[in-house]
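The primary structure of each chain is shown beneath.
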Amino acid sequence: MRTLAPGENTALPSATVTISVRSTSPVNTSAILLTSAGRVRSDADLVFYNQPTAPGVSFQSAGSADVISVATNHLPADIDTVAIAASLDGTGPATFATAGSINATVTPEGPGDTITFSPTGLTSEAAVVCLEIYRRADSWKVRAVGAGYDTGLAGLATAFGIEVEDDAPPADAPPAAATQTPVTDPQPWPPHNAPPASATPAPQQNSGVPMHSDLFAPSHAEVSGPGLQKQGSKMCRVGLAGEVMARAGSMVAYQGDLRFEALGAGGFGRMMRQTLTGEGVPLMKVSGQGDLFLANAAADVHLIDLDGTDGLTINGGNVLAFEPSLTYEIKRVQGAGAMSNAGLFNCVFTGRGRIAITTDGTPVVLNVDAATYADPQAAVAWSSSLHTSVKSNDSFNLGTLIGRSTGERFTLAFSGQGFVVVQPSELPPGGFVGGTGGGNDAGVGGMLGGFLGR
């Protein structure tokens, strides 16, 4: 049996497989047939308990597990991906944060390894994409996803292009009598200090306010100003009067009249490069007038202003938001070759404008005025004008031959004039699928990044 990590992919063990989904809490399992554009052709491409078959895909309940059967040789020619999803059925917990474990197991027809994956780190999601089976040239692969939607199956279906009809409005109720006495909320929120109708005055608090907490300190108040601003250390506030590009799913709150439009990788060319490299930024465009608050997994937020004289090379997983005056391309890190599993491809931002980035912890910013080296997983961003190469740190000896390593086998070397932002963590950035892989092993997770809420 092989256990996949989030974002990891491997060859599908046979042309026909069954995927068994088991969960501690009751879930509804579904399979979504997707074209190369990451969209369904029609509502018939959603396979679940109430629509159990489609060409090459079927659903059945097997007691403690829901079972999806996929025969890749019977899938339509224009179907490139089958996404396996699970959504809470509403009879138990509201989110996966308290729903217990969930596991998806791929079993081949005939000989071959069984593959298993258990999504972890789920919080407010009510639906999650567990796995995707996707076409790569003339073969098929399976990829662990583990990304979800707060809005449940409806949000997941909408993201893939399935129309979700609203419930019909109830029949018109008879008009209320003109003399009907309005009902007053006995415990209004927020509380107020209006005296009751009784002639006896209520006891007054000494300070004249309804409650006390350090939450009401000025340090927790909303910051002001137009454009991208830091709201504390782990949030970004955007005073919006136009539009801004933000990481898909990073909105935590907003005020005003704002509109959200999913952009995926940000254009067909970038989508193709993200598909091949696994690197990119799953984007949404936010437009309108109001205040937008963004965050990503409680990571530290930092603002960088580009004046157009140099670019910023950054891992796509560390991009939170940027002004539309900036543009970016996915480029190979010079000299990294196949030695780095985190920085083979990165995003290069150019132009004039502000970008908000995230780091796992408080970073150090190194001025490259001497030979500078950083772990590929810890180097978050650097000046695009810097030259990069790979330095091998392990000496070749008997210990190397038998598998011993310092754990620092390769580092990125920087030379030239500029800076390097290094975070105190060697974990790849999370929260999305595209951007943690490298090269051809990235599967289609990058292309689906804009649709999987990552």
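One can find the structure itself at the top, above this paragraph.
Residues numbered from 1 in each chain as written. Predicted model: local features only at pLDDT ≥ 70, side-chain atom pairs only at ≥ 80, totals over all residues. Heavy atoms only, no water.

### Remarks on the pattern of salt bridges
Evaluated as defined, the whole model comprises 12 salt bridges. For Arg 135, the salt bridge is made with Asp 80, and the minimal N-O distance between the two is 3.2 Å. Within this pair, whereas Arg 135 is found in strand β12 (residues 127–136), its partner Asp 80 is found in the loop between β8 (66–71) and β9 (81–88), the two being separated by 55 residues in sequence. Note on Arg 135: relative accessible area 27%, which makes it partly exposed. Three or more residues joined by partner-sharing salt bridges are found here, namely Arg 41, Asp 45 and Asp 78. (Salt bridge = Lys/Arg side-chain N within 4 Å of Asp/Glu carboxyl O. Helix = DSSP H or I, 4+ residues; strand = E, 2+ residues; numbered from the N terminus. Buried < 20%, exposed > 50% of the residue type's maximum accessible area, 1.4 Å probe, protein only.)

### Comments concerning the side chain of Thr 313
Tracing the sequence through the fold places Thr 313 in strand β19 (residues 312–314). With a relative accessible area of 7%, Thr 313 lands in the buried category. Of note is the side chain of Thr 313, whose polar atom sits 2.9 Å from the side chain of Ser 384. (Polar contact = N/O pair within 3.5 Å; in protein donor to acceptor, adjacent residues only side chain to side chain.)

### With respect to a nonpolar patch on the surface
Together, Met 211, Leu 215 and Phe 216 make up an exposed nonpolar region whose accessible area comes to about 320 Å². Tracing the sequence through the fold places Leu 215 in the loop between α1 (152–159) and β14 (227–230). The class of Leu 215 is exposed, set by a relative accessible area of 59%. (Patch = residues over 30% accessible without salt bridge, like charges linked within 9 Å, V, L, I, M, F, W, Y side chains within 5 Å. Areas by Shrake-Rupley, 256 points an atom, 1.4 Å probe, with all protein chains shown as cover.)

### A look at the packing of aromatic side chains
Counted by the stated rule, this structure contains 6 aromatic pairs. For the pair Phe 322 and Tyr 328, a centre-to-centre distance of 6.3 Å together with 80 degrees between the ring planes defines the contact as edge-to-face. Each member of the pair, Phe 322 as well as Tyr 328, carries the same accessibility label: buried. In this structure an aromatic cluster arises from ring pairing among Phe 322, Tyr 328 and Phe 349. (Phe/Tyr/Trp six-rings, centres within 6.5 Å; stacked < 30°, edge-to-face > 60°.)

### Notes on unusual backbone geometry
The phi torsion at Ala 137 lies on the positive side, around 60 degrees, for a residue other than glycine. With respect to the helices and strands, Ala 137 occurs in the loop between β12 and β13 (139–149). On the accessibility criterion, Ala 137 (63% relative accessible area) is exposed. The backbone phi angle of Ala 298 is positive, close to 60 degrees, even though this residue is not glycine. Topologically, Ala 298 is positioned in the loop between β17 (283–294) and β18 (300–307). Judged by its relative accessible area of 51%, Ala 298 is exposed.

### Side note on the sheet that holds β13
With antiparallel pairing, 6 strands are arranged side by side in an open sheet as β2-β13-β12-β9-β4-β5. The open sheet has two edge strands, β2 (9–11) and β5 (46–47), and neither has a second partner. (Pairing = 2+ DSSP bridges.)

### Description of the side chain of Asp 291
Looking at the element boundaries, Asp 291 is found in strand β17. For Asp 291, a relative accessible area of 18% puts it in the buried group. Only 2.8 Å separates the side chain of Asp 291 from the side chain of Arg 237, close enough to count as a polar contact.

### Side note on the nonpolar core
Counting 35 residues, the largest nonpolar core has Ile 19, Val 57, Val 70 and Leu 131 as its most contacted members. Those residues in contact with Leu 131 that sit more than four places away from it in its chain are Ile 19, Val 82, Ala 83, Ile 84, Ala 104, Val 106, Phe 117, Val 142, Arg 143, Ala 144 and Val 145. Membership of the second largest hydrophobic core comes to 19 residues, among which are Leu 283, Cys 347, Ile 355 and Val 421. (Core = buried A, V, L, I, M, F, W, Y, C linked by side-chain atoms within 4.5 Å. Contact = heavy atoms within 4.5 Å.)

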